[in-house]
Amino acid sequence: MLIKNKFNQKNTVVSFEIFPPKKDSPIHTIYKTIEELADLSPDFISVTYGAGGASHNHTIKIASLVQNKYNIDALAHLTCLTATKDEIKATVDELKDQNVHNILALRGDFPENKDVDFPNPLHFTYASDLLKHIKENNPDFCMGAACYPEGHLECKSYQQDLLNLQTKVKSGSDFLISQMFFDNQYFYNFLTNLHCLSLDIPVMAGIMPVVNKKQIEKIVSLCGASIPVKFRKILDRYGDQPEALQAAGISYATDQIIDLLSSGVRGIHLYTMNRPEIAKEIMRNIAPILKSIEAR
Ligand SMILES: Cc1cc2nc3c(=O)[nH]c(=O)nc-3n(C[C@H](O)[C@H](O)[C@H](O)COP(=O)(O)OP(=O)(O)OC[C@H]3O[C@@H](n4cnc5c(N)ncnc54)[C@H](O)[C@@H]3O)c2cc1C
């Protein structure tokens, strides 16, 4: 099913994000993860796409597996920064052949150790260009895009980032998934700003349960998410005690999600980091709340 239709059918859409195994690991190392996540019956599972193209084939194969073997709708991420327009067209055709009709259109991040020509006439420049192209040539696809409640790191001003997002939505985005945030107020302010721009589009809140201090500090330095005092205390106090950090991280994410659900958000997108046991615990915590919301 196209993901955009799920927003009409359900009060809250819940999804999980997974990433393909590293370049040298065999693809089967992710099968158990998918199986366990599929058991939790998410509305869809999204599969990330390596900016350098390393996991390009894995993304397609895994999205196809999610869609066709596990019968869970798959959302394939697709980045355009390092792929030519011809390569993008071939990937979209391949996804179509595999019965995957949901794409998250992204520009991608600049690789750390490689110079990239930007802009490059052989490539789509921004996610909005990629979206427009796919939507015009494949009107039957459902297209998602990324959004940044605290603003995208590269953008000179928050206001300009919002205007760029407006272009992205008008280029054919059917829904948005947010960058992770640890203070819900940023997300609520962001929704108000979208409303002021008359951008009436479902926005899924991206939630990252934190279970590894080093990993989260690296991710935060790359994406610029703010760390509230309450969250910093957890990292400082339990950062070197994995079991305690995991318990506190799951509890923090659960609290965030309950507040978001109580405020009527359209969707929750869980960055699972390929750890189904964590998704399982969070889903158990929020199951009665989701049930009550859907019963309305
Ligand atoms: C939910 C989610 C999933 C992600 N999945 C992946 C993944 O699978 N693989 C991966 O490599 N990365 C992924 N990323 C990271 C993403 O690729 C980076 O954040 C990247 O830096 C921006 O991608 P974008 O699609 O948001 O870019 P864009 O929307 O193109 O925006 C990039 C920057 O350009 C600015 N901009 C946009 N349009 C214009 C314009 N016309 N003129 C001037 N400036 C403009 C924006 O304000 C922003 O600062 C993901 C991010 C999110 C939030």
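This report concerns the structure included in the present document. (Residues numbered from 1 in each chain as written. Predicted model: local features only at pLDDT ≥ 70, side-chain atom pairs only at ≥ 80, totals over all residues. Heavy atoms only, no water.)

## Considerations on the sheet that holds strand S2 (residues 44–47)
And step 1. Strand order in the closed barrel formed by eight strands is S1-S2-S3-S4-S5-S6-S7-S8, and the pairing between neighbours is parallel. On average, each strand axis in the sheet is inclined to that of its neighbour by 25 degrees, with strand direction left out of account.
And step 2. Pairing of strand S5 (residues 142–147) with strand S6 (residues 175–178) involves four bridges; the strand directions are parallel. Within S6, the position partnered with Gly 144 by the bridge is Phe 175. (Pairing = 2+ DSSP bridges. Helix = DSSP H or I, 4+ residues; strand = E, 2+ residues; numbered from the N terminus. Axes fitted to C-alpha atoms, helices over the stretch in contact; angles between N-to-C directions.)

## Here's the deal with the environment of Arg 232
And step 1. Its place among the elements puts Arg 232 in helix H9 (residues 229–238).
And step 2. Given the relative accessible area of 29%, Arg 232 is considered partly exposed.
And step 3. Spatially, the C-alpha atoms of Arg 232 and Leu 222 are 17 Å apart, while their sequence positions differ by ten residues.
And step 4. Excluding its chain neighbours within four sequence positions, the residues that come into contact with Arg 232 are Glu 217 and Ile 227.
And step 5. Here Glu 217 takes part through its side chain, which lies 3.3 Å from a polar atom of the side chain of Arg 232. (Buried < 20%, exposed > 50% of the residue type's maximum accessible area, 1.4 Å probe, protein only. Contact = heavy atoms within 4.5 Å. Polar contact = N/O pair within 3.5 Å; in protein donor to acceptor, adjacent residues only side chain to side chain.)

## A few points about the site of the ligand
And step 1. Around the ligand lies a shell of 23 residues, among which Tyr 49, Asp 109, Tyr 148, Asp 161 and Lys 168 are the nearest.
And step 2. Measuring from a nitrogen atom of the ligand, one finds a backbone N or O atom of Tyr 49 at 2.6 Å.
And step 3. With respect to the ligand, the side chain of His 152 contributes an N or O atom lying 2.7 Å from an oxygen atom.
And step 4. For the ligand, whose accessible area on its own is 980 Å², the fraction buried by protein is 83%. (Near = heavy atom within 4 Å. Areas by Shrake-Rupley, 256 points an atom, 1.4 Å probe, with all protein chains shown as cover.)

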